[in-house]
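Residue-level structural notes
The residues making up each chain are set out below.
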Amino acid sequence: MRSRKNIKTLTEFIIERQSEYPHAKGALTRLLNDIATAAKIVNREINSAGLVDIFGYVGKENVQGEAQKKLDVYANEQFIAALQAGAECCAIASEENEKVISFKNEFSELGKYVIAIDPLDGSSNIEANVSIGTIFSIYRRKSEIGGGTLDDLLQPGVNLVAAGYVIYGSSTMLVFTTGKGVNGFTLDPTVGIFCLSHPDMKYPEVSNIYSINEGNYIYFPEGVKKYIKFCQEDDPETLRPYTSRYIGSLVADFHRNLIKGGIFIYPGTKQHPTGKLRLLYECNPVAFIAEQAGGKATDGFNRIMSIQPESLHQRAPLFVGPKKMVEKAEELMRDFSAF
Ligand code: AHG
Ligand code: MN
Ligand code: MN
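In this report, we go over the structure that sits alongside the text.

Rules used in this analysis
Residues numbered from 1 in each chain as written. Chains lettered and ligands numbered in written order. Predicted model: local features only at pLDDT ≥ 70, side-chain atom pairs only at ≥ 80, totals over all residues. Heavy atoms only, no water. Core = buried A, V, L, I, M, F, W, Y, C linked by side-chain atoms within 4.5 Å. Buried < 20%, exposed > 50% of the residue type's maximum accessible area, 1.4 Å probe, protein only. Helix = DSSP H or I, 4+ residues; strand = E, 2+ residues; numbered from the N terminus. Contact = heavy atoms within 4.5 Å. Near = heavy atom within 4 Å. Polar contact = N/O pair within 3.5 Å; in protein donor to acceptor, adjacent residues only side chain to side chain. Areas by Shrake-Rupley, 256 points an atom, 1.4 Å probe, with all protein chains shown as cover. Nonpolar A, V, L, I, M, F, W, Y, C, P; charged D, E, K, R; others polar. Domains from an automatic or database assignment. Pairing = 2+ DSSP bridges. Axes fitted to C-alpha atoms, helices over the stretch in contact; angles between N-to-C directions.

1. Considering the nonpolar core
Tyr165, Phe254, Leu258, Ile304, Leu318 and Val320 are the most contacted members of the largest nonpolar core, which has 44 residues in total. Among the elements that take part in this core, helix α7 (residues 279–292) stands out by supplying nine residues, more than any other. Not counting residues within four places of it along the chain, the set of residues in contact with Leu318 comprises Leu250, Phe264, Ile265, Tyr266, Leu277, Cys283, Val286, Thr298 and Ile304. Of all hydrophobic cores here, the second largest spans 40 residues; its members include Ala36, Ala75, Phe176 and Phe194.

Here you go:
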C-alpha cells in the first residue's frame, strides 16, 4: 500500500511554489488547475473512445474518421469551457479555431493571461490506440483590459510565463514549466488526482535516439540528410548508430526523448519550408520545456523561442532535444543549407 506522506498532489505543488512569488495572487495556480481539470475530462473521453473503437470495429470506415474528429472538437470544447469558467484568461488561440477566441464577460475580461493550445495532438493516432496529447502555452496579456486580442497572442516564446503538455499514454501525465525547471505529474486514475512523479526533469547525459519521419527523406534539406547519415554511422564511442524512434505524435515523441535522451526533428522541405508544426502551440511550448530540462530547440538556425510570430497558425521547422545533439544538427544545417 502507498503511504500518503510520499504523495505530493499537483495542487499542493503549485500552491507551495506560489509562495516563492511574493506578489502572486494565485491566478496562475488557478489557470493550471483549470487545464488539469479539462485534461481529466478529455482523458476520460479518450479512454472510452478506445473501448468504442474496439467494440465498434465493424463501423470502422465511416465512424472512425468522425469519431476522431469528434475527439478533436470535444477536447477543444473542454479546454475552452474550463478556461472561460476559470476566468483567469482573457483569450485563447486554438489549433481548432481560425481566429482568436476572445472571452467577453465581466470576469474573463479582467484575466491577466492568454493561452495558445493544441487541444488534441497526434489525433490521427487515436484509432490505433497510440499515445496522444494536449500542448499549451501561457502568456501574460499585453492589452490592459477587455477581451484578449490577436496581439496578445502574437508573442515570442521568450515571453512565456508557463508551458506544458498532457500525454494520454500508458499512464496520463501533465508535464509543465513556469521557468524554474520541469516537473511531471502522473494521474492516479483511482482518485483522479495528478501526483508529482517526475520532479525536476532533465535530459539524460547519454542520448542515442533520433526521431524524424524518414518517409519524407527525399524532400529534406541537405543538412538534415547529412545529420541522418551521421546518426547512422558506426562509432560505438558516441553510441552510434543511434536508435530511430518515431511515433507521429509530437507530445509522445518529445516526452520519450526527454525521458530517454533523443532529438526530435520536423524540418522544413522545399515545398513546405516552414515544416508542419505550429509555432505558438506546438514548437514554443516544447522549446520552453526542452530549455528548462537542459536541452535546446531551434528551427535549424535560430532559437525557436526568439521567433516573433506574425500569424496565429504560423509554422516553424523544429529541432529539439539534448543540447549536443541539436548543436550537431545545426552545424550540418549551416554547412549544407541547400535543399
Ligand atoms: P495534430 O494531430 O495536432 O494535427 O498534430 C500532428 C502533428 C504532430 O503531433 C506530429 O509530430 C506530426 O503531426 C506528425 O506528422 P507526420 O505524420 O508528417 O510525421
Ligand atoms: Mn499537434
Ligand atoms: Mn491537434
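2. Topic: the site of ligand 1
Close to ligand 1 lie 16 residues, the nearest being Asp121, Gly122, Asn213, Tyr246 and Tyr266. Between Tyr246 and ligand 1, the recorded distance is 2.5 Å, taken from a side-chain N or O atom to an oxygen atom. In this structure, Tyr266 approaches ligand 1 through a side-chain N or O atom, which is 2.6 Å from an oxygen atom. When ligand 1 is considered free in solution it has 470 Å² of accessible area, and contact with the protein chains removes 82% of it. When the residues that make up the shell around ligand 1 are grouped by side-chain class, the tally is six nonpolar, five polar and five charged. In terms of domain composition, the shell around ligand 1 takes at least three residues from each of domain 1 (4–198) and domain 2 (209–335).

3. Side note on the sheet that holds strand β2 (residues 101–102)
In space, the eight strands of this open sheet follow the order β2-β1-β3-β4-β5-β6-β7-β8, with mixed pairing throughout. The open sheet terminates on both sides in strands that have one partner only, identified here as β2 and β8 (193–198). In this sheet, β2 lies alongside strand β1 (residues 89–94) in antiparallel orientation, the contact comprising two bridges. When the bridges of β2 are listed, Ile92 appears paired with Ile101. Contacts from α7 reach β1, β3 (113–121), β4 (132–140), β5 (160–168), β6 (172–177) and β7 (182–188), with the element oriented near 100 degrees to β5.

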